[in-house]
Amino acid sequence: MAIRHYWSMAAAAVGFRLVLVLFGGDLHLASRPEVSTPLTSIRRRSMYHGSPLLLSVLGPLTNKSLIFVAVDFIAAMLIRATGRKLQIARNRSLKSLDLTEAVSNSVNVSAGDIASLIYLWNPWAIVTCVGSCTSPVENLMVVIIIYGACSRLAPLAAFGYVMATHLSLYPAILIVPIILLLGYGPDTPPTKVFRLKNSNASKTDVSYDEKSSSSRDVRQFSWKPVLHFTLWLLFWSSYVLLLSSIILNKVGGLQEMFKKYFFAEVFDFFRSFFLIVFNMNIIFMVLPLAIRLKHRPCFLAFVYTGIVAMLKSYPSVGDSALYLGLLGLFANELAEMHFTFFLFFGYIGVSLLSPVMHNLWIWRGTGNANFYFATGLAYTCLQTVLVIESSILHLNSLNRGFLYWGLVGPGPSIPLPRYHY
């Protein structure tokens, strides 16, 4: 069910951005460390730090925020289209389990509309857009990855992946959900569900044709779109590296760019330690989560983006704006999330306290670094609670059958063991 007055609310969000950009004056958002970091600031970012192509394009422009307004709108529309793809895939999965009544009786609100409006009206997405940092472009590339993989458009997914890793190395872990999306599709019931369905059907009077049709519904992994993605990935990578080498020819070339790709401003004595912590700790979580959520690759991509926002070397509010927008894609499944009140007002409190603590530490001199560190620690704890709580609730919703069989009215149901997903 679509949201009423959706386009009015979307246009109001875009108009609000335009008002801030054109008539808001100098809000000094580009100097805020929560909004603009050394890796996302256009002013502080050099050609070496992963984005010579982006800087060469944005350099001649006078009002870059207008470009970012359009970028945010495109990202929101792609999130909306991704939500519709997920809904279609979900209905197809229900039909493959002979739960056609669940499709006809479903009155869920369009998750794609909710997700796109969350992204457009998120205050953090607005300040990153007005603050003239590269976070909106990075978020757009990640959304292009997810949309292209959900649509099985290998060229588009490969383009988004190459550009996202060109801007920042952290989206490289999205290769796992990309392969799962291309191979299985956006929503694939686990094989165990079909096995339980067949075993349940064998105990009743079911014809052989119905059993064979249900066995054909088991979706096998397809390597063809993955192969196409690999070929396009090589093509786009070669093209981007060629353009980057031409741009950086007079200032050291690609070799110097790769040396400074892993960028962190720390004391030299701790540099190796922090490089490992910032860039390797995320990799340790990739495989366990992929095993657990392999049949829900879009949700896996959301979890990965949330983990990156928590553990990257220079986090910003633009990272949180991305995964909160993706969280809206699963609004129907996470409707019973606990700690909603705590998380909502916790994010508001951190957003208000962070600039205050920074001002006390840097400008007034009445505080110290621990004041600002405490708000950062609280911010990370809130993100951790959100990602863990949403993952647990998502898995429990599958176990209780909220997605595949719990919406069915009177009729036979499939008993499922707990914690098997």
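Residues numbered from 1 in each chain as written. Predicted model: local features only at pLDDT ≥ 70, side-chain atom pairs only at ≥ 80, totals over all residues. Heavy atoms only, no water.

1. Here's the deal with the packing of aromatic side chains
Where we set the bar: Paired rings are identified among Phe, Tyr and Trp, the last through its six-membered ring, by centres lying within 6.5 Å, and are further divided according to the angle between planes into stacked (under 30 degrees), edge-to-face (over 60) and tilted (the rest). Helix numbers and strand numbers start at the N terminus; a helix is a DSSP run of H or I with at least 4 residues, a strand a run of E with at least 2. Here's how the labels work: a residue is buried when its accessible area is under 20% of the maximum for its type, exposed when over 50%, partly exposed in between, all with a 1.4 Å probe on protein chains only. Placement of a positive charge over a ring is assigned whenever Lys NZ or Arg CZ falls within 6 Å of the ring centre and within 35 degrees of the normal to the ring plane.
This structure, assessed with the given rule, holds 20 aromatic pairs. Considering the side-chain rings of Trp232 and Phe235, the 5.6 Å spacing of their centres and the 90 degrees angle between planes classify their relative orientation as edge-to-face. Here Phe235 and Trp232 lie together in helix H12 (residues 224–247), a separation of 3 residues that amounts to about one turn. Trp232 gets classed as partly exposed once you look at its relative accessible area, which sits at 34%. Ring pairing ties together the aromatic residues Phe159, Trp232, Phe235, Trp236 and Tyr239, which thus form one cluster. The ring of Tyr6 is capped by Arg80, whose NZ or CZ atom sits 4.4 Å from the centre of that ring.

2. Regarding the UniProt feature "transmembrane region" (unreviewed entry) in the protein
Definition in use: UniProt positions are given in the numbering used here, feature names are shortened, and annotations may be inferred rather than shown by experiment.
Here, the residues flagged by UniProt with the feature "transmembrane region" (unreviewed entry) are residues 168–185, 226–249, 269–291, 298–317, 337–357 and 369–388. In the segment residues 168–185, helix accounts for 56% and strand for 0%; the C-alpha atoms at its two ends are 26 Å apart.

3. Digging into the pattern of salt bridges
Selection criterion: For this analysis, a salt bridge means a side-chain nitrogen from Lys or Arg found within 4 Å of a carboxyl oxygen belonging to Asp or Glu.
Overall, the coordinates contain 4 salt bridges when judged by the stated rule. A salt bridge links Arg32 to Glu34, with the nearest nitrogen and oxygen atoms 2.9 Å apart. There is no split in this pair, since Arg32 and Glu34 are both buried.

4. Some thoughts on the environment of Pro186
Basically, it comes down to this: The contact criterion used throughout is that any non-hydrogen atoms of two residues lie within 4.5 Å.
On the secondary structure map, Pro186 appears in the loop between helix H9 (175–184) and helix H10 (191–202). Remark: the alpha-carbon pair of Pro186 and Lys85, spanning 101 residues in sequence, is separated by 7.6 Å. When residues no more than four places from it in sequence are discounted, the contact partners of Pro186 are Leu86, Ala89, Cys150, Leu181 and Pro297.

5. Quick word on H12
Here is the rule: The span one expects for a helix is its residue count, reduced by one, times 1.5 Å.
Taking 1.5 Å per residue as the helical rise, H12 with its 24 residues ought to reach 34 Å, and the 35 Å between its terminal C-alpha atoms agrees with that figure. Looking only at H12, the buried set comprises Pro225, Val226, Phe229, Leu233, Trp236, Val240 and Ser244.

6. As for helix H6 (residues 123–130)
Stated precisely, the cut-off is as follows: Each polar contact in these results corresponds to two N or O atoms within 3.5 Å; when the atoms are within protein, one needs to be able to donate a hydrogen and the other to accept it, and residues that are neighboring in sequence are counted only if both atoms are side-chain atoms.
In terms of burial, H6 is a largely internal element, 6 of the 8 residues being buried. Among all positions in H6, only Trp124, Ala125, Ile126, Thr128, Cys129 and Val130 are buried. Sitting at the head of H6, Asn122 places a side-chain oxygen 2.9 Å from the backbone nitrogen of Trp124. Directly beyond the C-terminal end of H6, a positive phi value near 55 degrees is found at Ser132.

7. Concerning the environment of Phe373
When you line up the elements, Phe373 lands in helix H19 (residues 369–400). Placed 19 residues apart in sequence, Phe373 and Ser354 show a C-alpha to C-alpha distance of 9.1 Å.

8. With respect to a nonpolar patch on the surface
To keep it simple, the criterion reads: To count toward a patch, a residue needs a relative accessible area above 30% and no salt bridge. Like charges then connect within 9 Å, nonpolar side chains (Val, Leu, Ile, Met, Phe, Trp, Tyr) within 5 Å. For accessible areas, the Shrake-Rupley method is used with a probe of radius 1.4 Å. Any residue's cover is judged against the shown protein chains and nothing else.
Taken together, the side chains of Leu18, Val19, Leu22, Phe23 and Leu66 present a nonpolar region at the surface, about 470 Å² in accessible area. Looking at the nonpolar patch element by element, the count peaks at 4 residues for helix H1 (residues 6–23). Within the element layout of this structure, Leu66 appears in helix H3 (residues 64–96). You can call Leu66 partly exposed: its relative accessible area is 34%.

9. Let's talk about unusual backbone geometry
Phi is positive for His5, which is not a glycine, with a value near 60 degrees. Positive phi is not limited to glycine here, since Phe339 has a value of about 60 degrees. Mapping Phe339 onto the fold places it in the loop between helix H17 (317–327) and helix H18 (340–364). Residue classification places Phe339 among the partly exposed residues on the basis of a relative accessible area of 49%.

10. Digging into the confidence of the model for the protein
This is how it is decided: Along the chain, pLDDT gives the predictor's confidence residue by residue, from 0 to 100.
Residue-level pLDDT values for the protein average 78, and 72% of them are 70 or greater. For the protein, the element scoring lowest by mean pLDDT is helix H11 (residues 208–216), at 48; helix H7 (residues 135–150) scores highest, at 93. Counting interchain partners and residues more than four positions distant, the pLDDT-below-50 stretch residues 210–215 has 7 contacts. Contacts from residues 402–421, a stretch scored under 50 in pLDDT, to residues over four places away or in other chains number 61 contacts.

11. Notes on the nonpolar core
Spelled out, the test is: Note on terminology: a nonpolar core comprises buried Ala, Val, Leu, Ile, Met, Phe, Trp, Tyr and Cys residues joined through side-chain atoms within 4.5 Å. As annotated, the domain borders come from an automatic or database domain assignment.
Phe229, Phe302, Phe330 and Leu386 are the most contacted members of the largest nonpolar core, which totals 93 residues. Inspection of this core shows a minimum of three residues originating in each of domain 1 (5–193 + 222–262 + 276–333) and domain 2 (341–406). Those residues in contact with Phe330 that lie beyond four places of it in its chain are Leu86, Arg296, Cys298, Phe299 and Phe302.

12. Examining the state of the cysteines
Quick note on the threshold: Counting rule for disulfides: a pair of cysteine sulfur atoms within 2.5 Å.
In the structure shown here, the tally under the stated rule is 0 disulfides. Its sulfur unpaired, Cys129 is 8.8 Å from the next cysteine sulfur, which belongs to Cys133. On the accessibility criterion, Cys129 (0% relative accessible area) is buried.

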